Amino acid sequence: MKIMVAIKRVIDYAVKIRVKPDKSGVETNNVKMSMNPFCEIALEEALRIKESGLASEVIAVSMGPTQVVDTIRTGLAMGADRAIHVDYPGTLYPLSVAKILKALVEIEKPGLIFLGKQAIDDDCNQTGQMIAGLLKWPQGTFASKVVLDKEKQTAVVDREVDGGLETLCLDLPAVITADLRLNQPRYATLPNIMKAKSKVIKKLTPEDLKVEIKSDIEVVKVTEPPKRKAGVLVSSVDELIDKLKNEARVV
Amino acid sequence: MEKWRAADRLLKFSSRFASGTKLTCTIINYDHTHPLVSECCFFPIPFYCCKSKQGKYFYSVATTVHRNPLFSIISPDDISYFKTLLGERGVVQDALALDAANTDWMGKYRGSSKLLLQPKNTEEVSQILKYCNSRCLAVVPQGGNTGLVGGSVPVFDEVIINVGLMRNILSFDKVIVSGVLVCEAGCILENLISFLDDEGFIMPLDLGAKGSCQIGGNVSTNAGGLRLLRYGSLHGSVLGLEAVLANGTVLDMLGTLRKDNTGYDLKHLFIGSEGSLGIVTKVSILTPPKLSSVNIAFLACEDYTSCQKLLLEAKKKLGGILSAFEFLDSDAMSLVSSTTFLGTENHGQEVIKDKHGQDFTSIDLRALPLEFWYSYASGSIFMENLEAFLLHSVESGLVANGVLAQDINQASSFWHIREGLPEALMKAGAVYKYDLSLPLEKMYDLVEEMRVQIGPAAKVVAYGHLGDGNLHLNISAPAYDDNILAKIEPFVYEWTSKNRGSISAEHGLGLMKAAKIHYSKSPETVRLMIDFDYCVFELLPDTSCLDDNHSIICLCLSA
């Protein structure tokens, strides 16, 4: 069984982001980019499943401009067997990503698709669900535990939901999106980095896959959240009541 | 001859005392009779001399200390004066707060001060010192109290002057390539780092204690840290400082100029003086630009010789981009992995074992030094250079295995391991800490000899700034034990001295190593230090009483 893992190159989680002066987006020049943390977790889970013998191969997939190859290399250094890079210079929204993944699934025919639950730059949390809908596959999102059963060809997924944990049993092939507590991703060791240099990255374009990229969404404006105002020390209860009444108007 | 000269100084000095008492009572009773030590006996500036052991906190076997009766005891009048000067907030007499200020970070040294003062600006510091000088009250300057040699806490009941409230950043100037930051001495290093981060710059020093240590203390102790390899010591980075001398004189040497060759550059004497010449109140420091590409590799080497070779190779091939080069041995690694502080996430411990455990156990060597280094540069060419260098090292056998951080979080977790070592040692029980500068080839020999010397009684853990030739030797035992101490000292100091190393590379002398200075400095040098110190105070107007608990041999401010 092959496992396909979709990974995204985003601004590194620990970087302090700045909004561009023209408010069209976030500053990405000279900013450290890395693999989306949830995608790392998804890839780690796929690798663990492969290492336990339940899968034969892990394919890492990413889409975007040429720089995306750096992130793909990280994925290969972690242990993915091969990778596919879908070259597209512009921004891709979840529906386009899902359509491209569907086309790739029809070529590669994996038994399981792993994704991160959401990307930390747009926080959409849509791609996994959309691709499950397009393929008409069962989905286990916000997974915090995944157990595969080879004979029965099912996956038992614990999902983190508002009320607690929900356990689902999915028939394979299925789509699973990873949440934070699924696992701790591994570091890229030097021997693996060396091996990654000889692993194949296949390059495709959306035209090759016969997918038309058109977006129904346009980002109009990006602004920073309002700055938090400093607190005010009051010297007596009367002053507090006065402020609550007249300034905050909550009393 | 020496005794005559010293006696002459004594007589000259004693006339300065209001009561005219001779200083014969300041003679030290050291248990050992090193010739230099008896010279110090006549050190005219009053400081604490030795008498009785102070409980389990002192562990310097030969020296014992007692309070010099020439210093006054704090009276209620003094307290009311300070309250008028500093306000209620500036005078702390609360037992809990005093306890924290009286004890050092290691929990090894405890003073019995009854008064903690918190001035808010240089003027207040000056007034405090002027008053203490007139009343003959001993003081100890204190910053973040993170020092490791007992220099930041009172020995007896000195007044603690804590500059923690002086934490304004006064100005920041982005000048061509580097920035110049001017701030008050009480600014916490981590706060300065975050401030500069927003501006696109970094501090030239970084240490594990950054969350608590203050820049005034860092400067006064010439703190080293993790970035010394690339940015040099504070002697190079500090452009100017403002200090207050013992009689309240404010010495304004706060320049922001890169070059200023007008006379003796006195700020260098204050840097590393551990507060013995004055209290630093403002600092002006050169800040390098933040570079966009930072990466870090954690490598395992088979033995110490490979570590050395790797350092030389790294300096040659990566010269410009190498920022830090640290090492820790396998004992250190297992200590850090076993203390649960690493596991901020549940799987923290497993993570280290899974990712590294198999690699380590498969290489069966008793002491498996690890390396750990860190590069700063810009662009992806840097990544290629770095990877190429690392892969070459693996192929040539210098490196047995290793990991390369793929994002900032992974990088911080590597630093977490290295920076968390002192804390892990504290949690493991009692620890005897030594900070030594040694020639690169000999460094690990000391560790191995120490292991033989101590035997199974305690664990010898070694780590340090390999790039600077600085070893942090720690002996971890379940509890403080004089038998273990006897095996360590003076063996470690003599070994260091024999190899012309320094008994204190970056921690300073403090109370712990004050009497050991002769292991690393010649008698003539120490004599000149004493003479100089005496001169500074003799020449100050109105110094009726030397109130700083200072001298090169006993001292003060730590970070």
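Bear in mind the structure is a predicted one, so any value in this text is a computation, not a measurement.

**Quick word on the overall build of chain A**
For step 1, the next point in the chain: Check the secondary structure of chain A and you find six helices and 12 strands.
For step 2, the next point in the chain: Overall size of chain A, expressed as C-alpha extent along the three principal axes, is 70 × 40 × 40 Å.
For step 3, the next point in the chain: Among the 251 residues that make up chain A, the fraction classed as buried is 43%.
For step 4, the next point in the chain: Of the contacts made within chain A by residues no fewer than 6 positions apart, 70% connect residues no fewer than 24 positions apart.
For step 5, the next point in the chain: When the accessible area of chain A is evaluated, it comes to approximately 13,600 Å², of which 52% is carbon and sulfur surface.

**Details of the overall build of chain B**
For step 1, the next point in the chain: Scanning chain B from terminus to terminus reveals 20 helices and 18 strands.
For step 2, the next point in the chain: Residue burial in chain B is summarised as follows: out of 559 residues, 60% are buried.
For step 3, the next point in the chain: In chain B, the share of contacts with a sequence separation of at least 24, taken over all contacts with a separation of at least 6, comes to 73%.

**Let's talk about the packing of aromatic side chains**
For step 1, the next point in the chain: On inspection of all chains with the given rule, the structure shows 13 aromatic pairs over all chains.
For step 2, the next point in the chain: Three or more aromatic residues joined by ring pairs make a cluster, and in this case those are Tyr 187 of chain A together with Phe 298 and Phe 414 of chain B.

**Description of the interface of chain A and chain B**
For step 1, the next point in the chain: Each partner contributes residues to the interface: chain A has 22 residues there, and chain B has 28 residues.
For step 2, the next point in the chain: When the buried area of chain A at its contact with chain B is split by residue, Gln 184, Tyr 187 and Leu 190 of chain A rank highest and sum to 33% of it.
For step 3, the next point in the chain: Here chain A and chain B share three salt bridges between them.
For step 4, the next point in the chain: A salt bridge links Lys 16 of chain A to Asp 198 of chain B; its shortest N-O distance comes to 3.2 Å.

**A word on the pairing of strand S10 (residues 174-178) of chain A**
Residues and elements named next belong to chain A.
For step 1, the next point in the chain: Burial analysis of S10 places five of its five residues in the buried class, the great majority of the element.
For step 2, the next point in the chain: The alternating pattern of S10 places Ala 174, Ile 176 and Ala 178 on one face and Val 175 and Thr 177 on the opposite face, and all of these are buried.
For step 3, the next point in the chain: In this sheet, S10 lies alongside strand S6 (residues 112-116) in parallel orientation, the contact comprising five bridges. Its bridge partner lying in S10, Phe 114 is registered against Ile 176.
For step 4, the next point in the chain: Looking at chain direction, strand S7 (residues 139-149) and S10 are connected through three bridges and run parallel. Bridging from a neighbouring strand, Gln 139 pairs with Val 175 of S10.

**What to know about the side chain of Asn 145 of chain B**
For step 1, the next point in the chain: Along the chain, Asn 145 of chain B turns up in the loop between strand S5 (139-142) and strand S6 (159-162).
For step 2, the next point in the chain: Within the local environment of Asn 145 of chain B, its side chain forms a polar contact with the backbone oxygen of Thr 103 of chain B, the two atoms lying 2.9 Å apart.

**Considerations on helix H12 (residues 330-338) of chain B**
For step 1, the next point in the chain: Across the nine residues that make up H12 of chain B, a large majority, seven, are buried.
For step 2, the next point in the chain: Of all the residues in H12 of chain B, the buried ones are Ser 330, Asp 331, Ala 332, Met 333, Leu 335, Val 336 and Ser 337 of chain B.

**Some words on the packing of helix H17 (residues 443-454) of chain B against helix H19 (residues 491-498) of chain B**
All names here are of chain B.
For step 1, the next point in the chain: Where H17 contacts H19, the two axes come as close as 11 Å, and the packing angle between them is 150°. It follows from the interaxial angle that H17 and H19 lie roughly antiparallel. Our pair here, H17 against H19, has a crossing hand that is right-handed. Of H19, the residues touching H17 (which contributes Asp 445, Leu 446, Glu 449, Met 450 and Gln 453) are Phe 491, Val 492 and Trp 495.
For step 2, the next point in the chain: Considering only residue class, the contact of H17 with H19 consists of five nonpolar, one polar and two charged.

**Description of the sheet that holds strand S4 (residues 116-117) of chain B**
All names here are of chain B.
For step 1, the next point in the chain: Strand order in the open sheet formed by four strands is S3-S4-S6-S5, and the pairing between neighbours is mixed. Both outer strands of the open sheet, strand S3 (91-92) and S5, are each paired with one neighbouring strand and no more.
For step 2, the next point in the chain: Both S4 and S6 contribute to a ladder of two bridges, which runs parallel. Looking at S6, one finds that Leu 117 is bridged to Ile 161.

**Side note on the sheet that holds strand S11 (residues 279-287) of chain B**
Residue and element names in this part refer to chain B.
For step 1, the next point in the chain: The antiparallel open sheet is built from five strands, whose spatial order is S7-S8-S11-S9-S10. The sheet terminates laterally at strand S7 (169-175) and strand S10 (250-253), the two strands that pair on one side only. Mean inter-strand twist for the sheet, computed between neighbouring axes without regard to direction, equals 10°.
For step 2, the next point in the chain: Here strand S8 (residues 178-184) runs beside S11; their pairing, made up of six bridges, is antiparallel. For Val 182, the partnering residue across the bridge sits in S11 and is Ser 284.
For step 3, the next point in the chain: Here helix H6 (residues 189-199) sits on the sheet and contacts S7, S8 and S11; the angle it forms with S7, its principal contact strand, is near 35°.

**Topic: the side chain of Asn 162 of chain B**
Residues and elements named next belong to chain B.
For step 1, the next point in the chain: Following the sequence through the fold, Asn 162 ends up in strand S6.
For step 2, the next point in the chain: Asn 162 sits in the buried class, given a relative accessible area of 10%.
For step 3, the next point in the chain: At 3.0 Å, the side chain of Asn 162 and the side chain of Gln 142 are in polar contact.
For step 4, the next point in the chain: Looking at Asn 162, its side chain comes within polar contact range of the main-chain nitrogen of Gly 164, at 2.7 Å.

**Remarks on the nonpolar core**
For step 1, the next point in the chain: Of all hydrophobic cores here, the largest spans 98 residues; its most connected members are Phe 114 of chain A together with Tyr 434, Leu 473 and Ile 475 of chain B.
For step 2, the next point in the chain: Top contributing element to this core by residue count: helix H1 (residues 37-51) of chain A, with seven residues.
For step 3, the next point in the chain: Within the second largest apolar cluster, 28 residues are counted, among which are Phe 172, Cys 187, Leu 189 and Val 283 of chain B.

**Some remarks on the UniProt feature "domain: Electron transfer flavoprotein alpha/beta-subunit N-terminal" (unreviewed entry) in chain A**
For step 1, the next point in the chain: Here, UniProt's "domain: Electron transfer flavoprotein alpha/beta-subunit N-terminal" (unreviewed entry) annotation points to residues 23-213 of chain A.
For step 2, the next point in the chain: Secondary structure across residues 23-213 of chain A divides into 30% helix and 31% strand, with the first and last C-alpha atoms of the span separated by 25 Å.

**Thoughts on the environment of Ala 101 of chain B**
Residue and element names in this part refer to chain B.
For step 1, the next point in the chain: As for its position among the elements, Ala 101 is in helix H4 (residues 95-102).
For step 2, the next point in the chain: Spatially, the C-alpha atom of Ala 101 lies 9.4 Å from that of Gly 144, the residues being 43 residues apart in sequence.
For step 3, the next point in the chain: Look past the residues within four positions of Ala 101 in its chain and what remains in contact with it is Leu 116, Gln 142, Asn 145, Val 153, Pro 154 and Ile 160.

**A look at the pattern of salt bridges**
Residue and element names in this part refer to chain A.
For step 1, the next point in the chain: For the structure shown, the criterion picks out 37 salt bridges over all chains.
For step 2, the next point in the chain: Among the salt bridges present, the one from Arg 82 reaches Glu 108, with a minimum N-O distance of 2.8 Å. Placement of the pair is Arg 82 in strand S5 (residues 82-87) and Glu 108 in helix H3 (residues 94-108), with a sequence separation of 26 residues.
For step 3, the next point in the chain: On the basis of relative accessibility, which here comes to 7%, the residue Glu 108 falls in the buried class.
For step 4, the next point in the chain: Of the charged contacts, one joins Glu 106 and Lys 102 as a salt bridge, the two residues approaching to 3.8 Å between their closest N and O atoms. Here Glu 106 and its partner Lys 102 are both found in helix H3, four residues apart, which amounts to about one turn of the helix.
For step 5, the next point in the chain: A single network of salt bridges, built from pairs that share partners, joins Lys 2, Glu 57, Arg 82 and Glu 108.

**Brief notes about unusual backbone geometry**
For step 1, the next point in the chain: Residue Pro 173 of chain A follows Leu 172 of chain A across a cis peptide bond; omega there is -5°.
For step 2, the next point in the chain: Its place among the elements puts Pro 173 of chain A in the loop between strand S9 (164-171) and S10.
For step 3, the next point in the chain: The phi angle at Asp 123 of chain A is positive, at roughly 55°, despite the residue not being glycine.
For step 4, the next point in the chain: Mapped onto the elements of the fold, Asp 123 of chain A is located in the loop between S6 and helix H4 (127-135).
For step 5, the next point in the chain: By relative accessible area, Asp 123 of chain A is classed as partly exposed at 46%.
For step 6, the next point in the chain: Positive phi, close to 55°, is recorded for Glu 274 of chain B, a residue that is not glycine.

Reading the values: the criteria
- Residues numbered from 1 in each chain as written.
- Chains lettered and ligands numbered in written order.
- Predicted model: local features only at pLDDT ≥ 70, side-chain atom pairs only at ≥ 80, totals over all residues.
- Heavy atoms only, no water.
- Helix = DSSP H or I, 4+ residues; strand = E, 2+ residues; numbered from the N terminus.
- Buried < 20%, exposed > 50% of the residue type's maximum accessible area, 1.4 Å probe, protein only.
- Contact = heavy atoms within 4.5 Å.
- Areas by Shrake-Rupley, 256 points an atom, 1.4 Å probe, with all protein chains shown as cover.
- Phe/Tyr/Trp six-rings, centres within 6.5 Å; stacked < 30°, edge-to-face > 60°.
- Buried area = accessible area lost by both parts, 1.4 Å probe.
- Salt bridge = Lys/Arg side-chain N within 4 Å of Asp/Glu carboxyl O.
- Pairing = 2+ DSSP bridges.
- Polar contact = N/O pair within 3.5 Å; in protein donor to acceptor, adjacent residues only side chain to side chain.
- Axes fitted to C-alpha atoms, helices over the stretch in contact; angles between N-to-C directions.
- Parallel < 35°, antiparallel > 145°, perpendicular 65-115°, else oblique.
- Left-handed = near helix turned anticlockwise from the far one by under 90°.
- Nonpolar A, V, L, I, M, F, W, Y, C, P; charged D, E, K, R; others polar.
- Core = buried A, V, L, I, M, F, W, Y, C linked by side-chain atoms within 4.5 Å.
- UniProt positions renumbered as here; feature names shortened; annotations may be inferred.

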